[in-house]
Amino acid sequence: VVLVAGGVSSAGTSVGSGQGVDSAELLLLDLQGLEGSEVLCPNLKMTQARVAAGITSLEDGLLIVGGIAWSDEHNKEEALNNAEEVVLQDVPSCTVKFEATASKMSEGRGEPVLTPLAGGDILVTGGFNWDAQQTLVSLPIGEIYIHRR
């Protein structure tokens, strides 16, 4: 089973020139040939639209961290510092919940790399954000995302 979540719904080079989406779906892939693959759960919704987020497996689901979203308040793209947990309660009946988490990263990150650690926390490294002059910069320092303590 594969989760497809977020992205840009229309052509454009950025979130602002396209429309970020909060949609998600679960797919059952046929590894012998894609023509045998099927959409199990269409029309799922994340807690917010995200583009270029990181995702990792948890013991009981998935964690989606960071990404980029359009901010109407600031009229620009912004890197997200929040996360949401995907709880796969009953996949055959499409009982899947997207829940915002209480933990936040110290700064927003687009395209972060997530590495699960012993004990359930997540190492978040890399990614990008914008500096004060709105120049895209890579983030060289990682941080530990504390998951459920």
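Structure report, in brief. Just so we're clear, the structure is a prediction, and the values are computed from it rather than from any experiment. (Residues numbered from 1 in each chain as written. Predicted model: local features only at pLDDT ≥ 70, side-chain atom pairs only at ≥ 80, totals over all residues. Heavy atoms only, no water.)

A look at the layout of surface pockets
Put simply, the rule is: Cavity: a set of points on a 1 Å grid over the protein atoms alone where a 1.4 Å probe fits but cannot get out. Pocket: an open set with protein on both sides within 12 Å along at least five of seven lines, its lining residues, like those of a cavity, having an atom within 4 Å of a point. Grid points are joined across faces, edges and corners, and a volume is the space filled by probe spheres set on the points. For the purposes of this entry, the term helix denotes a DSSP run of H or I that reaches at least four residues, the term strand denotes a run of E that reaches at least two, and both are numbered from the N terminus. Each residue gets one of three labels, nonpolar for Ala, Val, Leu, Ile, Met, Phe, Trp, Tyr, Cys and Pro, charged for Asp, Glu, Lys and Arg, and polar for the others, Gly among them.
Here the largest pocket is characterised by a volume of approximately 150 Å³. In this structure, the largest pocket is lined by 13 residues; those nearest its centre are Ala-5, Gly-6, Ala-53, Ile-55 and Ile-64. Sorting the residues of the lining of the largest pocket by element identifies strand S1 (2-5) and strand S4 (54-58) as the ones contributing at least two each. Among the elements that take part in the lining of the largest pocket, S1 stands out by supplying three residues, more than any other. Classifying every residue of the lining of the largest pocket by side-chain character gives nine nonpolar, three polar and one charged.

Observations regarding the pattern of salt bridges
Here the idea is simple: oppositely charged side chains can pair when their charged atoms come close. What counts, and what does not: Only one rule defines a salt bridge in this text: a Lys or Arg side-chain nitrogen within 4 Å of an Asp or Glu carboxyl oxygen. In this scheme, a residue with accessible area under 20% of its type's maximum is buried, one over 50% is exposed, and one in between is partly exposed, where area comes from a 1.4 Å probe on protein chains only.
Tallied over the full model, the rule gives four salt bridges. Between Lys-45 and Asp-22 there is a salt bridge, with the nearest N and O atoms lying 3.4 Å from each other. With Lys-45 in strand S3 (residues 38-45) and Asp-22 in the loop between S1 and strand S2 (23-28), this residue pair connects regions lying 23 residues apart in the sequence. Judged by its relative accessible area of 27%, Asp-22 is partly exposed. Between Arg-109 and Glu-143 there is a salt bridge, with its nearest N and O atoms 3.5 Å apart. Taken as a pair, Arg-109 in the loop between strand S9 (95-100) and strand S10 (113-116) and Glu-143 in strand S14 (residues 143-145) lie far apart in primary sequence, 34 residues in all. Judged by relative accessible area, Glu-143 falls into the buried class, the value being 14%.

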